[in-house]
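Per-entry structural report
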2 protein chains.
Amino acid sequence: MGISERKEKQKQEIRKMILDASLKLFMEQGFENVSIRKIADLIEYSPTTVYLYFKDKNEILFNLHELGFQKMAEYNTDLWTIKNPLVRLTKMGEYYLQFGLENPAFYELMFILKAPMEALEALDANCEWKSGDQALGKLKNTLQECMDKNLIEKGDVDAMAMAIWSMVHGMVALAIRDRFDKLVPRDQMVPMMNKSLTWLLNALDVSGKKT
Amino acid sequence: MGISERKEKQKQEIRKMILDASLKLFMEQGFENVSIRKIADLIEYSPTTVYLYFKDKNEILFNLHELGFQKMAEYNTDLWTIKNPLVRLTKMGEYYLQFGLENPAFYELMFILKAPMEALEALDANCEWKSGDQALGKLKNTLQECMDKNLIEKGDVDAMAMAIWSMVHGMVALAIRDRFDKLVPRDQMVPMMNKSLTWLLNALDVSGKKT
DNA sequence: AAATATACTTAACACTGTTAAGTTTCCAAA
DNA sequence: TTTGGAAACTTAACAGTGTTAAGTATATTT
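Cut-off values and rules
- Residues numbered from 1 in each chain as written.
- Chains lettered and ligands numbered in written order.
- Predicted model: local features only at pLDDT ≥ 70, side-chain atom pairs only at ≥ 80, totals over all residues.
- Helix = DSSP H or I, 4+ residues; strand = E, 2+ residues; numbered from the N terminus.
- Buried ≥ 20, exposed ≤ 12 C-beta atoms within 10 Å, placed from the backbone.
- Contact = placed C-beta atoms within 7 Å.
- Core = buried A, V, L, I, M, F, W, Y, C linked by C-beta atoms within 7 Å.
- Nonpolar A, V, L, I, M, F, W, Y, C, P; charged D, E, K, R; others polar.
- Near = placed C-beta within 6 Å.
- Domains from an automatic or database assignment.
- Least-squares fit on C-alpha atoms with pLDDT ≥ 70 in both.
- Axes fitted to C-alpha atoms, helices over the stretch in contact; angles between N-to-C directions.
- Parallel < 35°, antiparallel > 145°, perpendicular 65-115°, else oblique.
- UniProt positions renumbered as here; feature names shortened; annotations may be inferred.
- Expected span 1.5 Å × (residues − 1).

**Quick look at the overall build of chain A**
- Counting its regular elements, chain A contains 10 helices and zero strands.
- With respect to the three principal axes, the spread of C-alpha positions in chain A is 70 × 45 × 30 Å.
- By residue count, 34% of the 211 residues in chain A fall in the buried class.
- Counting contacts in chain A only where the partners sit at least 6 residues apart, residues at least 24 apart contribute 65% of the total.

Okay, structure coming up:
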């Protein structure tokens, strides 16, 4: 069965070509300029061929969204060398903001656009959002560690994780959708965002307070 | 000059017709299904006529976005009867979440989509985002009041406002873009969000703590 | 009544995602 | 080796999008 094996390999190669082309367009011209026809042009196939390898455009965007999570992980490589969980929490937030602002196109795909989630629903019946779930898990673990070491007040980890994630997401989302432009000058935005983050985490920190 | 006055009035009437039709489509079928042709069909004019009253689609969306802020204000009518600024702050957050979840289409227009901000940039050279600025101003005032009455620790009001707005925005945005679906059951989402909000505001509250 | 300004429409351009139907290519069995 | 059929790929089209140039009525002014 060496022959059907090679065929399968070739199929995967074209699949990769499509994704590579999509990624190229995506990086160069942003998400809104990735069209099936442009992808097809780039790999020199007809537009309909793309549909032999992907159900629809959403499925392609879902794959790019996964690449985004990989890229995000690169920002966090040195995170787990930090022993103090509260310091780590701060860095997690800072890296999140940095990733979002430096890769707005990826960020949109990962956390703003509906398309990848629609693909997920169509793809998977049980509908696990593995990437997002995993990332949130790390936040929860760090929070739990903070609580265990009495660095922050004890409470519902899920609610806390939701609050913190929402805050950093909110900042990135409002920033890249131009809602801060009219309120904060561009060059003061990142420092401001970090200040907000520090303020929140300071309010949580009970290690230096006499309760 | 009674004649040109009447003409002006008629012009404004058709402008209103377009906006009414847009709003109707928008409410019934969501933002993504508002197209120039559908608007034109509804008011029984040709699509190009719409362009005699609005520069482009973004300008129409910008007007709907303004209507969104009006609707949001309706949620906050009883807000200023609350004397305790910290309690008011909590209610502000709760109303914000409620508005966002009950009016996702408006919310997208106001805080997620790029289109209205692009219209703003094209419309106005100085580019003030009046609606957003005003809403944020109320948050800042309440925060300042909290600080003045020693209910929360003193600090940079701008950074604090940014943090809180970002958090509630983050929650609404992640919720309506289906990022919470896989992590929190739909029926537990609102309570969870309120819990997160309360947790944050509790962490801020220093009135009951011995510093 | 003729000239002009206003209001509106037709037709088109250049796109979009997607699909039905047709063609070419390639591999396996007769 | 020829034939049958599956697999890979393309052409053409559908139905839609925002937007604009050019043309046509309508109404006002000269």
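**Focus: the nonpolar core**
- Val168 of chain A together with Val168 of chain B are the most contacted members of the largest nonpolar core, which totals 108 residues.
- Once residues within four sequence positions are removed from consideration, valine 168 of chain B is found in contact with Gly93, Tyr96, Leu97 and Leu197 of chain B.

**Points about the interface of chain B and chain A**
- Contact with chain B, which involves 38 residues of that partner, is made by 38 residues of chain A.
- Elements supplying a minimum of two residues to the side of chain B that touches chain A: helix H6 (104-112), helix H8 (130-148), helix H9 (157-176) and helix H10 (186-204) of chain B.
- For the side of chain B that touches chain A, the leading source of residues is H9 of chain B, giving 12 residues.
- Looking at side-chain class alone, the side of chain B that touches chain A contains 20 nonpolar, six polar and 12 charged residues.

**Some details on the protein's contact with DNA strand C**
- Lining the immediate environment of DNA strand C, one finds 18 residues, of which Ser35, Asp56 and Lys57 of chain A together with Ser46 and Thr49 of chain B sit closest.
- Listed by contribution, the elements that provide at least two residues to the surface near DNA strand C are helix H2 (36-43) and helix H3 (47-50) of chain A together with helix H1 (2-29) and helix H3 (47-50) of chain B.
- Residues that form the surface near DNA strand C fall into these classes: seven nonpolar, five polar and six charged.

**Overview of the domain arrangement of chain A**
Residues and elements named next belong to chain A.
- Once the domains are mapped, chain A shows domain 1 (1-54) and domain 2 (56-204).
- Here the C-alpha centre of domain 2 lies 29 Å away from the C-alpha centre of domain 1.
- Across the boundary between the two partners, domain 1 contributes nine residues, which contact 10 residues of domain 2.
- Looking at the side of domain 1 that touches domain 2, the element that brings in the most residues is helix H1 (residues 2-29), giving five residues.
- The class makeup of the residues in the side of domain 1 that touches domain 2 is seven nonpolar, two polar and no charged.

**A look at the relation of the copies chain B and chain A**
- Expressed as a screw transformation, the operator carrying chain B onto chain A has a rotation angle of 180° and an axial translation of 0.0 Å, and the superposed copies differ by an RMSD of 0.0 Å. As the rotation angle and translation indicate, the two copies are arranged about a two-fold axis.

**Regarding the protein's contact with DNA strand D**
- Surveying the vicinity of DNA strand D reveals 18 residues, the closest of which are Ser46 and Thr49 of chain A together with Ser35, Asp56 and Lys57 of chain B.
- When its residues are assigned to classes, the surface near DNA strand D shows seven nonpolar, five polar and six charged.

**Quick look at the packing of helix H9 (residues 157-176) of chain A against H10 of chain B**
- For the pair H9 of chain A and H10 of chain B, the least separation of the axes is 8 Å and the interaxial angle reads 80°. If you check the angle between H9 of chain A and H10 of chain B, you find them roughly perpendicular. Contacts from Asp158, Ala159, Met160, Met162, Ala163 and Ser166 of chain A in H9 of chain A reach Met192, Lys195, Ser196, Trp199 and Leu200 of chain B in H10 of chain B.
- Per-class residue counts for the contact of H9 of chain A with H10 of chain B are seven nonpolar, two polar and two charged.

**Focus: the packing of helix H4 (residues 57-75) of chain A against helix H7 (residues 115-123) of chain A**
Residue and element names in this part refer to chain A.
- The interhelical angle for the contact between H4 and H7, taken along N-to-C directions, is 110°, at an axis separation of 8 Å. By the angle between their directions, the pair H4 and H7 is classed as roughly perpendicular. Between H4 and H7, the residues in contact are Asn58, Glu59, Leu61, Phe62 and His65 and Ala115, Pro116, Glu118, Ala119, Leu120 and Leu123, respectively.

**Describing the environment of isoleucine 112 of chain A**
- Along the polypeptide, isoleucine 112 of chain A turns up in helix H6 (residues 104-112).
- Between the C-alpha atoms of isoleucine 112 of chain A and alanine 173 of chain A, which are 61 residues apart in sequence, the distance is 7.6 Å.
- In this structure isoleucine 112 of chain A touches Tyr107 and Ala173 of chain A together with Arg177 of chain B, once residues within four positions along its chain are discounted.

**Observations regarding the UniProt feature "DNA-binding region" (unreviewed entry) in chain A**
- When the UniProt feature table is mapped onto this chain, "DNA-binding region" (unreviewed entry) is found at residues 35-54 of chain A.
- A distance of 13 Å separates the end C-alpha atoms of residues 35-54 of chain A, which is 60% helix and 0% strand.

**Regarding helix H5 (residues 85-102) of chain A**
- If you check H5 of chain A, its first and last C-alpha atoms are 25 Å apart, about what 18 residues at 1.5 Å a residue would give, namely 26 Å.
- For H5 of chain A, every residue scored as buried is listed here: Pro85, Arg88, Leu89, Met92, Gly93, Tyr96, Leu97, Phe99 and Gly100 of chain A.

**Quick notes on unusual backbone geometry**
Residues and elements named next belong to chain A.
- One non-glycine residue, glutamate 44, adopts positive backbone phi at about 60°.
- Within the element layout of this structure, glutamate 44 appears in the loop between H2 and H3.
- Phi angles above zero are rare outside glycine, and asparagine 150 is one such case at about 55°.
- Here asparagine 150 shows up in the loop between helix H8 (130-148) and H9.

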